[in-house]
Amino acid sequence: METKKRLNRLYSKPDNEDILFFLSTIDPKSIKELYSFAGKVREDYTGKMIHLRGLIEFSNYCSRSCHYCGLNKENKKITRFRLSKEEIVKIAIEASENGYKTIVLQSGEDNNYSLEDYIYIIKNIKLNTDIAITLAIGEKTFKEYKILRENGADRYLLKHETSDPKLYKKLNPGMHLQYRINSLKELKRLEFQVGSGIMLGLPGQTLESIVDDILLFKQLNLDMIGCGPFISHPETSLAGLPSGDPELAYRVLAINRIVTRDANLPFTTALSVLTKGQALPFSSEFFKGANVLMPKLTPIKYQKLYDIYPNPNRYNGNSKEFIRQIDLDLSESGYKVSTTLGHRGSEKILL
Ligand code: 5AD
């Protein structure tokens, strides 16, 4: 079938067959058309703006044993660290002063922080800045999600990693895929902007299951979707396995853009590690459909300890110069760093 027709169907009524086609085709012309269509959808729906989400990795303690992740509690070789509430607030205020409009608070599933601690952090950031706060702190109870929302958290990231129930069970001992999915629904109901995502190239993962993941993103009406290649960590049971194929990650990015249209799609850190090996991509990679970058604001000394997967890139993203440089690099392709909060849907320009 003609690629154009397939792309139009993917855009208007995505189904298994078309998604599978674009995940697997080796026809260079179809691949080129996929990327250029994704680029056009991105421009139509999100303009030429790139949102920066400043990432604060504040604790590498984790109570889980996920097989792919270097922070899993079985890893005794890692030095654990935890930032105080005050330190987190300070970094967030600096980020705001430097021009960030969103910070992402990310950690392992660390039960050491109480609900009151999170409320303190959110309230103090909100009191001193006008930035959006994204939480990526793992599973909580529905009641806790509600309290976090009521106290000012704007967005919540909770990746389901794979929608294949057997694979999920194997990779995430003691965890339940259905709880994650129910959490995503509940977070939507609470009017968080909600994000999920998967890893690509997990051992045992099929293209058919990735089709299901993409349809699930659409069905849940997610506001943010981050998909990156799996990179094996030497201190996990998956040590030595091959990494995910960056080309597959590009395909998923492009398909997600076409299927969801205006979702915020980051160029994931794992993808930049596997592509140019540089901290952040500045040019043509964006044309695959991404519109978000997540620079690290984590203090340098902690970055190497936040060792989810091997990542040689360290840099301090928390400065005005850093943002200025990204803006300059982007301007070569006609893009700009956005100065708005960048909630999904706030920048529709054609509709
Ligand atoms: N390779 C790539 N990405 C990983 N993540 C966790 N472990 C790995 C790995 N080995 C991703 C997961 C998680 C996010 C913080 O990092 O998607 O949600």
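Structure report, in brief. Please read these numbers as outputs of a predicted model, since none were measured by experiment.

What counts, and at which threshold
Residues numbered from 1 in each chain as written. Predicted model: local features only at pLDDT ≥ 70, side-chain atom pairs only at ≥ 80, totals over all residues. Heavy atoms only, no water. Helix = DSSP H or I, 4+ residues; strand = E, 2+ residues; numbered from the N terminus. Buried < 20%, exposed > 50% of the residue type's maximum accessible area, 1.4 Å probe, protein only. Contact = heavy atoms within 4.5 Å. Polar contact = N/O pair within 3.5 Å; in protein donor to acceptor, adjacent residues only side chain to side chain. Near = heavy atom within 4 Å. Areas by Shrake-Rupley, 256 points an atom, 1.4 Å probe, with all protein chains shown as cover. Nonpolar A, V, L, I, M, F, W, Y, C, P; charged D, E, K, R; others polar. Phe/Tyr/Trp six-rings, centres within 6.5 Å; stacked < 30°, edge-to-face > 60°. Lys NZ or Arg CZ within 6 Å of the ring centre and 35° of its normal.

What follows deals with the environment of Ser232. Topologically, Ser232 is positioned in the loop between β9 (228-229) and α10 (246-260). On the basis of relative accessibility, which here comes to 13%, the residue Ser232 falls in the buried class. Residues within four places of Ser232 in sequence aside, it is in contact with Leu238, Ala239, Gly240, Leu241, Ser243 and Pro310. From its side chain, Ser232 meets the backbone oxygen of Leu241 in a polar contact 3.2 Å long.

This part takes up the site of the ligand. By nearness alone, every residue bordering the ligand is listed as Tyr68, Cys69, Gln106, Lys159, Glu161, Met199, Pro229, Phe230, Ile231, Ile308 and Tyr309. At 2.7 Å from a nitrogen atom of the ligand is found a main-chain nitrogen or oxygen belonging to Ile231. Protein burial of the ligand: of its 400 Å² of free accessible surface, 86% is covered by the chains. Partitioning the shell around the ligand into residue classes produces eight nonpolar, one polar and two charged.

Below, the discussion takes up the packing of aromatic side chains. Evaluation of the coordinates by the stated rule reveals eleven aromatic pairs. Measuring from ring centre to ring centre gives 6.4 Å for Tyr250 and Phe267, while their planes differ by 45°; the resulting arrangement is tilted. You can see Tyr250 sitting in helix α10 and its partner Phe267 sitting in the loop between α10 and α11 (269-274), a full 17 residues away along the chain. When its relative accessible area of 11% is taken as the criterion, Tyr250 is described as buried. Following the ring pairs from residue to residue traces out a cluster consisting of Phe142, Tyr145, Tyr156, Tyr179 and Phe192. Across the ring face of Phe192, the terminal group of Arg149 is positioned such that the distance to the ring centre comes to 5.6 Å. Seen from the ring of Tyr11, Arg261 lies directly overhead, with NZ or CZ sitting 3.7 Å from the centre.

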